[in-house]
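Structural features, examined
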Amino acid sequence: ADIISTVEFNYTGDLLATGDKGGRVVIFQREQETKSRPLSRGEYNVYSTFQSHEPEFDYLKSLEIEEKINKIRWLPQQNAAHFLLSTNDKTIKLWKISERDKRAEGYNLKDEDGRLREPFRITELRVPTLKPMDLMVEASPRRTFANAHTYHINSISVNSDYATYLSADDLRINLWHLEVTNRSFNIVDIKPANMEELMEVITAAEFHPHQCNTFVYSSSKGTIRLCDMRSSALCDQHSKFFEEPEDPSSRSFFSEIISSISDVKFSHSGRYMMTRDYLSVKVWDLNMENRPVETYQVHEYLRSKLCSLYENDCIFDKFECCWNGPDSTIMTGSYNNFFRTFERNTHRDITLEASRESSRPRAILKPRKVCTTGKRKKDEISVDSLDFNKKILHTAWHPSENIIAVAATNNLYLFQEKIN
Amino acid sequence: MFVRGLKRKCFDGEEDIEGTLAGIKAIPSYNLQRQSLLDMSLVKLQLCHMLVEPNLCRSVLIANTVRQIQEEMTQDGTWQMINTQSTGQASLDRLVSTDILCRSSRDPAEGKHVPGYGTFSKDFESDQAQDSSETMSTASSVQAPRNLQSNMWEMETPQENKGNFQKSLDQIFETLENKSPNSVEDLFSEVDNSYYDLDTMLTGMMSNTKMGHCDSLETFSSPTNTASNSNCKSDLNDLDHIVEILVES
């Protein structure tokens with residue numbers, strides 16, 4: 001099994017897609033409740049597996065293009081088939097996943113085994129009939145959106161018009177129409193004329209969930225820009241600029257690095273957005289640009305270890321974050337296979353671990369605690385014992401129920417709220 | 001690692017220094033740490049440049065950190081002091097000194113004011129006062145990043161890639177060429193030959209950078225990055241050749 005690089009529920013939550021470093025996409029489907037297995041509802045089983053991207057070689061630059069899937073985004077379902085967009089560093093693909101549970105028999109021109117029939121043997125015409133067969137799930141690539149990004153794609157986001165989507169790389173954001181593959185429209189370009197002056201890159205971008213003209217993008221300097229596509233064709237001028245003033249007392253040489261935003265997500269309501277930087281998660285009200293309305297510390301105990309984390313490159317890890325359906329709880333990952341959820345109303349937070357030892361089926365997860373003072377209590381884990389190789393970068397929350405998907409390196413964990 | 005008896009703290013914990021040392025000792029400690037951070041960042045940038053597909057975000061963040069340190073050093077006046085002094089053998093020090101920061105454990109009984117240079121120090125004149133070689137060596141390191149930055153973002157062609165990298169490396173080595181023949185020989189006669197194996201030096205540094213250096217983080221598990229190590233090695237083999245040429249001249 002390969003390292004999981006993205007996790008995403010579809011709009012109904014019945015399907016869960018994961019992308020991995022080897023370019024594969026695995027889709028899980030939620031089991032329907034049946035009389036014989038009443039507890040099976042809530043379980044997800046493999047529905048489809050396919051190779052989305054292959055490694056490529058850019059001959060011009062003599063560079064390998066990784067097949068790792070950076071992001072998957074589902075399209076809303078419009079017919080029996082499911083559609084999703086998957087992207088690696090350079091190319092976005094639209095995949096159609098469809099079920100086949102019938103096959104036609106009684107063709108005129110060919111035999112049952114596919115061989116062509118001799119024309120003189122065909123003495124009468126018959127209408128082929130549909131016969132049931134074992135369910136087969138097919139994935140077929142329907143569109144390939146290529147050659148539009150010089151730099152590495154970090155985000156894709158489907159617009160609420162369900163006809164367009166954006167793709168963002170380190171310096172540019174392009175707008176595509178789902179039906180058109182040979183053209184994309186550049187809407188943001190922050191590449192300086194002289195690359196020596198490059199100080200800031202785009203780290204994530206997303207369309208507003210309801211306003212099809214609005215999108216945001218975050219930067220490595222900890223800022224978020226909201227752009228309105230109605231104002232101009234090229235949205236280099238932002239409509240809103242979100243930045244929290246720096247706290248001078250906590251300034252260090254690592255301040256900029258830890259302020260770099262690794263993920264930005266709109267709330268389902270569209271009123272708020274959430275950003276993840278290295279040590280915290282912040283909730284912003286779109287109507288207030290000068291500071292976030294809520295800040296949650298994910299692993300503040302790492303603040304004194306930034307030097308070492310810089311040394312071993314962990315400081316550059318990009319954690320994602322997500323909202324639950326009602327936007328009342330937010331979740332993000334940490335190290336040692338820990339992930340954290342924060343309840344916005346009650347300000348309660350919990351740390352849980354995604355590991356085989358603590359995750360027997362149907363077992364209730366025990367809250368974990370990291371010891372920050374000298375005296376370690378029983379069951380607490382000290383900061384020095386944390387495994388920084390076990391990082392939870394990707395998490396997803398079911399759109400309407402309390403089911404969460406947590407990717408821990410090459411394992412996928414699904415947790416559900418206990419129903420009494 | 002630093003002054004004997006000094007409890008080594010992570011860089012940004014400097015305000016937590018708990019009176020185990022006099023305030024006076026705190027100041028050179030900060031400069032030393034800042035210098036080490038600068039060195040580490042430069043090595044990271046150089047290694048970025050060598051890897052097949054450098055992560056632009058990471059490179060930009062590291063370059064900004066380097067710029068920030070340089071600005072602070074300029075304000076401090078440390079930078080001005082450097083300009084007036086000759087670099088001496090400092091340029092070689094530059095590449096080695098990251099090793100200081102990246103070693104996982106120190107022998108506290110070292111007793112010297114100078115951090116150990118490890119395998120490279122055998123014949124090195126590490127007896128020099130650390131401070132002076134420190135300040136001198138910053139010159140070449142500051143020149144290096146300017147070139148590195150300008151050359152780093154442009155990744156149009158592999159030829160350019162290699163050429164640019166050689167340019168930046170030339171920058172680092174140019175001080176050697178500027179030396180008079182006698183001093184060059186003097187310089188090299190004292191240095192262990194293994195030092196010129198850029199391959200082992202930088203990959204050694206790279207594996208060292210993976211380990212936490214703070215006392216409190218001895219159990220820090222490091223992400224092994226053997227893939228990038230091997231990428232480094234293949235590029236560095238080319239550089240061996242360059243170093244040999246310089247040595248022979």
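Everything numeric here is computed off the predicted structure, so don't read it as measured data.

**Focus on the overall build of chain B**
Broken down by element type, chain B carries nine helices and zero strands. The order of α-helices and β-strands along chain B, N terminus first, is α-α-α-α-α-α-α-α-α. For chain B, with 249 residues in total, the buried portion stands at 55%. Counting only contacts in chain B whose residues sit at least 6 apart along the sequence, the fraction spanning at least 24 positions is 75%.

**Digging into the pairing of strand 29 (residues 394-397) of chain A**
Residues and elements named next belong to chain A. Judged by which residues are buried, strand 29 turns out to be covered on both faces: His394 and Ala396 on one side and Thr395 and Trp397 on the other are all buried. Of the strand pairs in this sheet, strand 29 and strand 30 (residues 403-408) are connected by four bridges, and their pairing is antiparallel. Looking at the pairing, Thr395 lines up with Val406 of strand 30. Hairpin remark: strand 29 followed by strand 30, antiparallel, with five residues in the connecting loop.

**As for unusual backbone geometry**
All names here are of chain A. The backbone of His347 sits at a positive phi, close to 60 degrees, despite the residue not being glycine. Residue position: His347 is located in the loop between strand 25 (338-343) and strand 26 (349-353). Taking relative accessible area as the criterion, His347 reaches 54% and is therefore assigned exposed.

**Here we look at the packing of aromatic side chains**
All names here are of chain A. Here the structure, examined in full by the defined rule, presents 18 aromatic pairs over all chains. Considering the side-chain rings of Phe145 and Trp176, the 5.2 Å spacing of their centres and the 70 degrees angle between planes classify their relative orientation as edge-to-face. With Phe145 in strand 10 (residues 129-145) and Trp176 in strand 13 (residues 172-177), the pair connects residues that are 31 residues apart, well separated along the chain. Of the two residues, Phe145 and Trp176, both sit in the buried class. Among the aromatic residues, those joined into a ring-pair cluster are Tyr278, Phe319, Tyr335 and Phe388. In this structure, Lys110 packs its charged tip against the face of Tyr107, placed 4.6 Å from the ring centre.

**Let's talk about the pattern of salt bridges**
Evaluation of the coordinates by the stated rule reveals 33 salt bridges over all chains. One salt bridge in this structure joins A:Arg100 and A:Glu138, with 3.2 Å as the shortest N-O distance. Placement of A:Arg100 in strand 9 (residues 92-105) and of A:Glu138 in strand 10 is noted, with a sequence separation of 38 residues between them. Owing to a relative accessible area of 27%, A:Glu138 belongs among the partly exposed residues under this scheme. Residues B:Arg34 and B:Asp76 are paired through a salt bridge, measuring 2.7 Å at the closest nitrogen-oxygen approach. Here B:Arg34 is found in helix 1 (residues 23-50), whereas its partner B:Asp76 is found in helix 2 (residues 56-76), with 42 residues between them in sequence. Linked through salt bridges whose partners overlap, the residues forming this network are A:Arg103, A:Glu105 and A:Lys131.

**A short note on the nonpolar core**
Core analysis: the biggest nonpolar cluster contains 44 residues, and A:Tyr278, A:Leu302, A:Leu309, A:Tyr310, A:Ile315 and A:Leu386 have the highest contact counts within it. Looking at this core, the elements with two or more residues in it are helix 1 (255-259) and helix 2 (306-311) of chain A together with helix 1 and helix 2 of chain B. Counting residues per element, this core draws most heavily on helix 2 of chain B, which supplies nine residues. Those residues in contact with A:Leu302, other than ones at most four positions away along the chain, are A:Tyr278, A:Leu279, A:Leu309, A:Tyr335, A:Val383 and A:Phe388.

**Concerning the sheet that holds strand 8 (residues 82-87) of chain A**
Backbone-to-backbone hydrogen bonds pair the strands of a sheet. The strands run either parallel or antiparallel. Residues and elements named next belong to chain A. With antiparallel pairing, four strands are arranged side by side in an open sheet as 7-8-9-10. Every other strand in the sheet has two partners, leaving strand 7 (71-74) and strand 10 as the edge strands with one partner each. Averaged over neighbouring strand pairs, the angle between their axes works out to 25 degrees when direction is ignored.

**Quick notes on the sheet that holds strand 16 (residues 214-219) of chain A**
Residues and elements named next belong to chain A. Read across the sheet, four strands follow the order 15-16-17-18 without closing on themselves; strand pairing throughout is antiparallel. On the outer flanks of this sheet lie strand 15 (202-207) and strand 18 (240-242), each paired with one strand and no other. Between one strand and the next, the sheet's axes are offset by a mean angle of 20 degrees, whatever the strand orientation. Sheet topology places strand 17 (residues 224-228) next to strand 18; three bridges connect them, and they run antiparallel. Bridge pairing in strand 18 places Leu226 opposite Lys240.

**Regarding helix 2 of chain B**
All names here are of chain B. With 21 residues, helix 2 extends 30 Å from end C-alpha to end C-alpha; this agrees with the ideal 30 Å at 1.5 Å per step. Helix 2 sits mainly inside the fold: 16 of its 21 residues count as buried. At the N-terminal end of helix 2, a side-chain oxygen is found 3.1 Å from the backbone nitrogen of Cys57, two or three residues along, and the residue is Asn55. Two residues or fewer past helix 2, Gly77 is found with a positive phi of approximately 95 degrees.

**Comments concerning the environment of A:Asp285**
Residue and element names in this part refer to chain A. Looking at the secondary structure, you find Asp285 in strand 21 (residues 280-285). Under the relative-accessibility criterion, Asp285 is labelled buried at 9%. Along the chain, Asp285 and Phe242 lie 43 residues apart, while their C-alpha atoms are 9.7 Å from each other. Residues contacting Asp285, with those up to four places away along its chain left out, are Phe242, Arg271, Tyr272 and Val293.

**Observations regarding the confidence of the model for chain B**
All names here are of chain B. Within chain B, residue pLDDT values average 51, and 18% of them lie at 70 or more. Ranking the helices and strands of chain B by mean pLDDT puts helix 2 first, with 93, and helix 4 (residues 90-102) last, with 38. Confidence drops under pLDDT 50 across residues 1-25; counting only partners more than four residues distant or on other chains, this segment forms 49 contacts. Throughout residues 83-232 the model reports pLDDT below 50, and contacts reaching past four residues in sequence, or to other chains, amount to 267 contacts. Overall fold confidence (pTM) sits at 0.72, and the ipTM for the predicted complex is 0.91.

How each quantity is defined
Residues numbered from 1 in each chain as written. Chains lettered and ligands numbered in written order. Predicted model: local features only at pLDDT ≥ 70, side-chain atom pairs only at ≥ 80, totals over all residues. Heavy atoms only, no water. Helix = DSSP H or I, 4+ residues; strand = E, 2+ residues; numbered from the N terminus. Buried < 20%, exposed > 50% of the residue type's maximum accessible area, 1.4 Å probe, protein only. Contact = heavy atoms within 4.5 Å. Pairing = 2+ DSSP bridges. Phe/Tyr/Trp six-rings, centres within 6.5 Å; stacked < 30°, edge-to-face > 60°. Lys NZ or Arg CZ within 6 Å of the ring centre and 35° of its normal. Salt bridge = Lys/Arg side-chain N within 4 Å of Asp/Glu carboxyl O. Core = buried A, V, L, I, M, F, W, Y, C linked by side-chain atoms within 4.5 Å. Axes fitted to C-alpha atoms, helices over the stretch in contact; angles between N-to-C directions. Expected span 1.5 Å × (residues − 1). Polar contact = N/O pair within 3.5 Å; in protein donor to acceptor, adjacent residues only side chain to side chain. pLDDT = per-residue confidence, 0-100.

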